[in-house]
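Here is what each chain is made of, one letter per residue.
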Amino acid sequence: MANERIPVLQGTLDLLLLQAIGDGEYHGLGVSRRIEQITQGAFHVTPGSLFPALHRMEEARWLASKWGESENNRRARYYRLTKSGKRQLETEAGEWKRVVLAMGSAHKAT
């Protein structure tokens, strides 16, 4: 059970992406790898979900991007958090903590 992947819950993708990018600058597939790393393999974000979310977050100005070369010498877009993205990460992380506390409290009550 510990190695099973967990489906990404609706509404948590932004938090996962912001968290993964939060400490650096990553190209799209690097973001996906970073999510797997920080969640110890519990979450995997497919390109079909990843790239639209990255573009949406860039339009929201939570992310900035620039073109560069990947470790495979391929052209890749690199993403980093903006100041607005860092604030959004704090907001979403705080909301998630409240959800976790509420669910923990509900579980203890049963």
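The preceding data block contains the structure.
No experiment lies behind these values; they were computed from the predicted model shown. (Residues numbered from 1 in each chain as written. Predicted model: local features only at pLDDT ≥ 70, side-chain atom pairs only at ≥ 80, totals over all residues. Heavy atoms only, no water.)

Let's talk about the overall build of the protein
Then comes step 1: The secondary structure content of the protein amounts to four helices and three strands.
Then comes step 2: Ordered by position from the N terminus, the helices and strands of the protein form the series α-β-α-α-β-β-α.
Then comes step 3: Reported as C-alpha extents along the three principal axes, the dimensions of the protein are approximately 55 × 35 × 20 Å.
Then comes step 4: Looking at the protein residue by residue over its 110 residues, the buried ones come to 34%.
Then comes step 5: Here the contacts in the protein between residues at least 6 apart in sequence split such that 50% fall between residues at least 24 apart.
Then comes step 6: In the structure as shown, the protein presents an accessible area of about 7600 Å², 53% of it carried by carbon and sulfur atoms.
Then comes step 7: Seen as two clouds, the 16 positive and the 12 negative side-chain charges of the protein have centres 4 Å apart. (Helix = DSSP H or I, 4+ residues; strand = E, 2+ residues; numbered from the N terminus. Buried < 20%, exposed > 50% of the residue type's maximum accessible area, 1.4 Å probe, protein only. Contact = heavy atoms within 4.5 Å. Areas by Shrake-Rupley, 256 points an atom, 1.4 Å probe, with all protein chains shown as cover. Lys, Arg positive; Asp, Glu negative; His and termini not counted. Charge placed at Lys NZ, Arg CZ, Asp CG, Glu CD.)

A word on the environment of Thr91
Then comes step 1: Note on placement: Thr91 falls in helix 4 (residues 83–109).
Then comes step 2: The partly exposed category is assigned to Thr91, whose relative accessible area is 40%.

Focus on the side chain of Asp14
Then comes step 1: Summarising the element assignment, Asp14 is placed in helix 1 (residues 13–21).
Then comes step 2: Among the polar contacts listed, one links the side chain of Asp14 to the side chain of Arg56, at a separation of 2.6 Å.
Then comes step 3: The residues contacting Asp14, other than those within four sequence positions of it, are Arg56, Met57, Trp62 and Glu92. (Polar contact = N/O pair within 3.5 Å; in protein donor to acceptor, adjacent residues only side chain to side chain.)

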